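Here's the letter readout for the chains.
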Amino acid sequence: GEDVEQSLFLSVREGDSSVINCTYTDSSSTYLYWYKQEPGAGLQLLTYIFSNMDMKQDQRLTVLLNKKDKHLSLRIADTQTGDSAIYFCAEIGAGNMLTFGGGTRLMVKP
Amino acid sequence: DAMVIQNPRYQVTQFGKPVTLSCSQTLNHNVMYWYQQKSSQAPKLLFHYYDKDFNNEADTPDNFQSRRPNTSFCFLDIRSPGLGDAAMYLCATSREGGQNPYEQYFGPGTRLTVT
């Protein structure tokens with residue numbers, strides 16, 4: 001079955017880079033996503049990458065995809081306190097439904 | 001701005017008392033989803049609609065029902081809420097076709113408390 005895994009917690013200092021990692025099992029995934037969830041709010045799509053790409057950059061965000069290892073990462077440059085949130089990676093799997101990882105809580109210290 | 005709206009944002013109901021959560025969208029998307037998210041967990045898909053076609057996830061309890069009277073609105077009915085149904089309920093939409101047909105747009109969620 002499909003499985004998406006993330007580390008639970010990451011703490012960084014303001015101004016540093018954050019790297020959030022994700023592994024998935026479904027080799028047929030076509031799109032992979034990063035969502036951000038602030039406390040008490042819904043999920044906000046940050047960025048996505050198509051499976052035939054290795055990297056995608058969007059302002060402070062860089063997504064790296066290693067399809068061979070089924071590893072996805074999200075790098076946030078110059079991390080700010082407003083970046084503190086839970087970050088979910090997700091893949092499109094069987095039935096074209098999203099499968100989410102458990103989320104990584106990012107804490108940014110001033 | 002086009003968006004996904006959920007009402008109410010916070011809902012308190014009593015154990016066993018039916019409750020309905022609502023979702024509306026101005027995106028004119030043909031697919032709508034309901035997710036349940038418990039504290040510090042990933043969202044869990046309950047069901048989704050492709051247009052009017054209802055699709056239930058295999059492990060969604062019978063206690064949960066849904067209605068989609070038109071493209072813009074979708075309702076989640078919990079017939080007899082238990083304490084274990086306390087959670088955040090997220091509505092999302094997507095549009096078939098297009099550059100990224102699986103991109104989902106989420107509403108802000110309704111936090112349900114069961115007393």
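How should the packing of aromatic side chains be read in this particular structure?
Within a pair of aromatic rings, the relevant descriptors are the distance that separates the centres and the angle that separates the planes. Across all of its chains, the model carries 16 aromatic pairs over all chains by this definition. On the basis of an interplanar angle of 35° and a centroid distance of 6.2 Å, the ring pair of A:Tyr33 and A:Tyr35 is categorised as tilted. The class for A:Tyr33 is buried, based on a relative accessible area of 0%. Given a relative accessible area of 0%, A:Tyr35 falls into the buried group. Here B:Phe47 and B:Phe54 contribute two aromatic rings whose centre-to-centre distance is 5.4 Å and whose plane-to-plane angle is 45°, an arrangement assigned as tilted. The class of B:Phe47 is buried, set by a relative accessible area of 1%. The structure contains a cluster of three or more aromatic residues connected by ring pairs, namely A:Tyr31, A:Tyr33, A:Tyr35, A:Tyr48, A:Phe50, A:Phe88, A:Phe100, B:Tyr33, B:Tyr35 and B:Phe106. A cation over a ring is seen here: A:Lys56 above A:Tyr48, with NZ or CZ 3.9 Å from the ring centre.

When you look at the side chain of B:Gln36 in this model, what are you seeing that I'm missing?
All names here are of chain B. Structurally, the position occupied by Gln36 is in strand E4 (residues 31-37). Residue Gln36 is classed as buried on the basis of its relative accessible area, which comes to 12%. The residues touching Gln36, leaving out its near neighbours within four places in the chain, are Ala42, Pro43, Lys44, Leu46, Phe64, Asp85, Ala87, Met88 and Tyr89.

Just checking my understanding: could you explain the sheet that holds strand E7 (residues 64-67) of chain B for this structure?
Strand-to-strand pairing in sheets goes through backbone hydrogen bonds, with the strands running parallel or antiparallel. Residue and element names in this part refer to chain B. Strand order in the open sheet formed by four strands is E1-E3-E8-E7, with antiparallel pairing between adjacent strands. Only two strands of the sheet have a single partner each, and these edge strands are strand E1 (4-7) and E7. Across the sheet, the mean angle separating the axes of adjacent strands is 20° when strand polarity is ignored. In the sheet, E7 pairs with strand E8 (residues 73-78) via four bridges, with the strands oriented antiparallel. Residue pairing in the sheet places Ser66 in a bridge with Leu76 of E8.

Teacher, can you tell me more about the state of the cysteines here?
Working definition: the covalent bond between the sulfur atoms of two cysteines is a disulfide. Residues and elements named next belong to chain B. If you walk through the whole model with that rule in mind, you get two disulfides over all chains. Each disulfide pairs two cysteine sulfurs, and for Cys23 the partner residue is Cys91, the sulfurs being separated by 1.9 Å. Since a negative S-S torsion denotes a left-handed disulfide, the Cys23-Cys91 link at about -75° is left-handed. Taken together, the residues span a long stretch of sequence, with Cys23 in strand E3 (residues 19-25) and Cys91 in strand E9 (residues 87-94) at a distance of 68 residues. We classify Cys23 as buried; its relative accessible area is 1%. On the basis of relative accessible area, Cys91 is assigned to the buried category, the value being 0%. For Cys74, which is in no disulfide, the shortest distance to another cysteine sulfur is to Cys91 and amounts to 6.0 Å.

Quick notes on the rules
Residues numbered from 1 in each chain as written. Chains lettered and ligands numbered in written order. Predicted model: local features only at pLDDT ≥ 70, side-chain atom pairs only at ≥ 80, totals over all residues. Heavy atoms only, no water. Phe/Tyr/Trp six-rings, centres within 6.5 Å; stacked < 30°, edge-to-face > 60°. Buried < 20%, exposed > 50% of the residue type's maximum accessible area, 1.4 Å probe, protein only. Lys NZ or Arg CZ within 6 Å of the ring centre and 35° of its normal. Helix = DSSP H or I, 4+ residues; strand = E, 2+ residues; numbered from the N terminus. Contact = heavy atoms within 4.5 Å. Pairing = 2+ DSSP bridges. Axes fitted to C-alpha atoms, helices over the stretch in contact; angles between N-to-C directions. Disulfide = S-S within 2.5 Å.

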